[in-house]
Protein chains: 2
Amino acid sequence: MTNTQLIFKKRPIGVPDANTWSIEKNPIPEPKEGEVLIQQHYVSLDPAMRGWMNEGKSYIEPIKIDDVMRAGSIGKVIKANNHPKYKVGDCLTGWGGVQQYVATTAENWYKVDDTLAPMPMYLGTLGMPGMTAYFGILEVGKIKSGDTVLISGAAGAVGSVVGQIAKLKGCTVVGIAGGKDKCDYMINELGFDDAIDYKSENVMLALRTKCPKGIDVFFDNVGGDILDAALVHLRMHARVVICGAISQYNATTRVKGPSNYLSLLVNRATMQGMVVLDYAKDYGNAAAEMGKWLAEGKLKSKEDVYEGIENFQSTYNRLFTGEKNGKLVLKVL
Amino acid sequence: MTNTQLIFKKRPIGVPDANTWSIEKNPIPEPKEGEVLIQQHYVSLDPAMRGWMNEGKSYIEPIKIDDVMRAGSIGKVIKANNHPKYKVGDCLTGWGGVQQYVATTAENWYKVDDTLAPMPMYLGTLGMPGMTAYFGILEVGKIKSGDTVLISGAAGAVGSVVGQIAKLKGCTVVGIAGGKDKCDYMINELGFDDAIDYKSENVMLALRTKCPKGIDVFFDNVGGDILDAALVHLRMHARVVICGAISQYNATTRVKGPSNYLSLLVNRATMQGMVVLDYAKDYGNAAAEMGKWLAEGKLKSKEDVYEGIENFQSTYNRLFTGEKNGKLVLKVL
């Protein structure tokens, strides 16, 4: 029995390639005193991973070369060495990395109930992406009933939850995504009021007809030209939530800054960045409320599960090509 | 006796030129019932003028072709036709435009006391630029004692007041301006802690040594590369006040957006636009407090006065070349 691990070998320039990671098979670790051994079932694939691979100051430390690739994960305790809190059989989610087994004190892990929801959902709607959506749209976006809310990356793990929460709060919701299937999904399954397919529509023009009163809150996961188009359509006192900029993460030249940022001045608007880790103390309450919405059928969650650490790179690439269908998760054991 | 007026003739592309305005001599108007005739003494020259000349949606209507050039102004009532509030001899400040006489209901004008402060000061520190500084740094910048405050265009009418207010509130203040004279002025006369001469220094590198703990509040009048450099040095929860972008106002290509805007995400920072007109109901209180600071010598005000409507264009250009020394004002009569 071995522990298959994905090791970070080389900081990529632009899109990661075959040299970025290597797969290693190592012995399964023994939990030390006070540790548990977790058999991991699923790891989470997120756009933020691209940022962690870069050198230099960011909101968390860059991944070190020769370390296991950082990732959120979920699994079960299979051995406990006098752990003060967790026992064999507990289902835990935390930062286990892209590997099959991890021995850890489980300090920043959370125990979840995998009979209430399937494990992959705890990496999506009930995990970091869901928390990001919840705090981003409520605390930073400060939505009010009647607001027009625009979301980029709106069919994704974060965006799809943002839009559903905004609908629950009485907003008009327009989602931007790539392709007719995703647009149909947002309108027909998630209940969004309208959708813009950035692959076949001119976003700048589409916003004129689909957000005719302008935008009160723009929740941006994408950056680039879409951010620029949204800025032109801000209403007075609009809020722009900067959650991510997936269009720029693989840039090998300078990031494209928003040329239309002076719309913030004209419209007395605010652009604010957010990182979900800041809300950790409130995750519990948020997860409880989201769980209730899920149980009541008010919130829908979709996960797209692939299998095998050997398929990590091709699966990861789907984040950037958009060839996925909900929260991207890799089954590792 | 005639009324010399500057007429807006042609929307400029880039820097305004000889075709942008024409000078006309027209009869002095007669005040209608309920109006006053104001003999204007000074008009205010402000970077915002450049924006008013463009077509299209902004925070106020564009100036119309063949209208008198819009400008803040100050003068004295020389004739009153049953005006409910003002009488001959009153000193009023408002939007009189670039002309020598104006007949008006004076609805949005304010009466000021020109024995307490010289008239040009009511166009600067006690006028729109001073109000912009006051509300921008206190209400939008939300400065606290101990904050590091960085200001661009810091020797100008707005920036110089921003920095002095920040000093009064216990902040560390660093100003960016062009040239040794302005930098010396900020440190020696205005009491700033440090200064960066963007004409002779690399702003990005200078910020590292002059704001070693990073920036809590950046008050930006300039945009472009200076905004980008400041973004790199933000501290956690920093506030960026977008007051203007003088480096971009004459751009004939697209405005340069801030490439480093993702620093807002990394640092959970906020970038917010402001327009002074929103604070009109509180001008009175602000002017009273600023007047007190001026009287106590805690606030210094400097005006740079030129003369003659025929010199409007060359004087206006000083806003953008920086060849001025304090608040730019034109004596028109």
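If you look chain A up in an unreviewed UniProt entry, it shows as NADP-dependent oxidoreductase from Aquaticitalea lipolytica.

**Here's the deal with the side chain of D90(B)**
All names here are of chain B. Along the chain, the position of D90 falls in the loop between strand 4 (73-80) and strand 5 (91-94). Within the local environment of D90, its side chain forms a polar contact with the backbone nitrogen of K87, the two atoms lying 2.9 Å apart. Aside from chain neighbours lying at most four places away, what touches D90 is G75, K76, V77, K85 and K111.

**Section: the relation of the copies chain A and chain B**
Each of the two chain copies can be brought onto the other by rotation about an axis and movement along it. Superposition record for chain A on chain B: RMSD 0.0 Å, screw rotation 180 degrees, translation along axis 0.0 Å. Here the two chains are linked by the operation of a two-fold rotation axis. In terms of proximity to the rotation axis, the leading residue of chain A is G257(A), whose C-alpha is 2.2 Å off the axis. The residues that chain A uses at the interface reappear at the interface of chain B in 100% of cases, marking a shared surface.

**Overview of the environment of R318(B)**
Residue and element names in this part refer to chain B. Here R318 is to be found in helix 9 (residues 312-321). For R318, a relative accessible area of 26% corresponds to the partly exposed category. Along the sequence, R318 and P47 sit 271 residues apart, while their C-alpha atoms lie 9.9 Å from each other. In contact with R318, other than residues within four places in its own chain, are Y306, E323, K324 and L328.

**Describing empty space enclosed by the protein**
Residues and elements named next belong to chain B. Considering all chains together, one arrives at two cavities of 30 Å³ or more under this definition. In this model, the largest cavity occupies a volume close to 80 Å³. As for the largest cavity, its lining consists of 14 residues, of which T125, A157, S160, K302 and K327 are closest to the centre. Here the residues of the lining of the largest cavity sort into four nonpolar, six polar and four charged. Split by domain, the residues of the lining of the largest cavity number at least three in each of domain 1 (2-124 + 302-331) and domain 2 (128-277).

**Focus on the sheet that holds strand 9 (residues 172-177) of chain A**
With mixed pairing, the 12 strands of this open sheet are ordered in space as 10(A)-9(A)-8(A)-11(A)-12(A)-13(A)-13(B)-12(B)-11(B)-8(B)-9(B)-10(B). The outermost strands of the open sheet, each flanked by one partner alone, are strand 10 (194-197) of chain A together with strand 10 (194-197) of chain B. Across the sheet, the axes of successive neighbouring strands diverge by a mean angle of 15 degrees, strand direction being ignored. Each of strand 9 (172-177) and strand 10 of chain B touches helix 4 (residues 180-189) of chain B; the most contacted strand, strand 10 of chain B, lies at about 170 degrees to it.

**Things to note about the pattern of salt bridges**
Residue and element names in this part refer to chain B. Taken as a whole and assessed by the stated rule, the structure comprises 40 salt bridges over all chains. Notably, a salt bridge pairs K327 with D46, separated by 2.8 Å at the nearest N-O pair. Placement of the pair is K327 in strand 15 (residues 327-331) and D46 in the loop between strand 3 (36-44) and helix 1 (48-52), with a sequence separation of 281 residues. A relative accessible area of 16% places D46 in the buried class.

**Re helix 2 (residues 128-140) of chain A**
Residue and element names in this part refer to chain A. Burial within helix 2 is extensive, with 10 of its 13 residues counted as buried. Looking only at helix 2, the buried set comprises P129, G130, M131, T132, A133, Y134, F135, G136, I137 and V140. One or two steps after helix 2, the chain reaches K142, where phi turns positive at roughly 50 degrees.

**Side note on the environment of G156(B)**
The residue G156(B) is located in the loop between strand 8 (148-152) and helix 3 (159-168) in this model. Along the sequence, G156(B) and N325(B) sit 169 residues apart, while their C-alpha atoms lie 7.7 Å from each other.

**Some points on the UniProt feature "domain: Enoyl reductase (ER)" (unreviewed entry) in chain A**
Taking the numbering used here, the UniProt-annotated feature "domain: Enoyl reductase (ER)" (unreviewed entry) corresponds to residues 14-330 of chain A. The distance separating the terminal C-alpha atoms of residues 14-330 of chain A is 23 Å; by composition the span is 26% helix and 25% strand.

**Remarks on the packing of aromatic side chains**
Following the criterion strictly, the structure yields 20 aromatic pairs over all chains and no others. Ring centres of Y110(A) and Y283(A) lie 6.0 Å apart, and the angle between their planes is 55 degrees; this geometry places the pair in the tilted category. Highlighted residues: Y110(A) in strand 7 (residues 110-112) and Y283(A) in helix 8 (residues 283-295), separated in sequence by 173 residues. Overall, Y283(A) belongs to the buried group, its relative accessible area being 7%. Relative to Y316(B), the ring of W21(B) lies with its centre 5.5 Å away and its plane at 70 degrees, an arrangement referred to as edge-to-face. You can see W21(B) sitting in strand 2 (residues 21-27) and its partner Y316(B) sitting in helix 9, a full 295 residues away along the chain. The burial state of W21(B) is the same as that of Y316(B); both residues are buried. Through pairs of rings, three or more aromatic residues link up here, namely Y110(A), Y134(A), F135(A), Y279(A), Y283(A) and W293(A). A cation over an aromatic ring shows up here: K331(A) above the ring of Y42(A), its NZ or CZ 5.5 Å from the ring centre. A cation over an aromatic ring shows up here: R70(B) above the ring of W52(B), its NZ or CZ 5.4 Å from the ring centre.

Basis of the calculations
Residues numbered from 1 in each chain as written. Chains lettered and ligands numbered in written order. Predicted model: local features only at pLDDT ≥ 70, side-chain atom pairs only at ≥ 80, totals over all residues. Heavy atoms only, no water. Helix = DSSP H or I, 4+ residues; strand = E, 2+ residues; numbered from the N terminus. Polar contact = N/O pair within 3.5 Å; in protein donor to acceptor, adjacent residues only side chain to side chain. Contact = heavy atoms within 4.5 Å. Least-squares fit on C-alpha atoms with pLDDT ≥ 70 in both. Buried < 20%, exposed > 50% of the residue type's maximum accessible area, 1.4 Å probe, protein only. 1 Å grid on protein atoms, 1.4 Å probe; cavity = no way out; pocket = protein on both sides within 12 Å on 5 of 7 lines; lining within 4 Å. Points joined across faces, edges and corners; volume = space filled by probe spheres on them. Nonpolar A, V, L, I, M, F, W, Y, C, P; charged D, E, K, R; others polar. Domains from an automatic or database assignment. Pairing = 2+ DSSP bridges. Axes fitted to C-alpha atoms, helices over the stretch in contact; angles between N-to-C directions. Salt bridge = Lys/Arg side-chain N within 4 Å of Asp/Glu carboxyl O. UniProt positions renumbered as here; feature names shortened; annotations may be inferred. Phe/Tyr/Trp six-rings, centres within 6.5 Å; stacked < 30°, edge-to-face > 60°. Lys NZ or Arg CZ within 6 Å of the ring centre and 35° of its normal.

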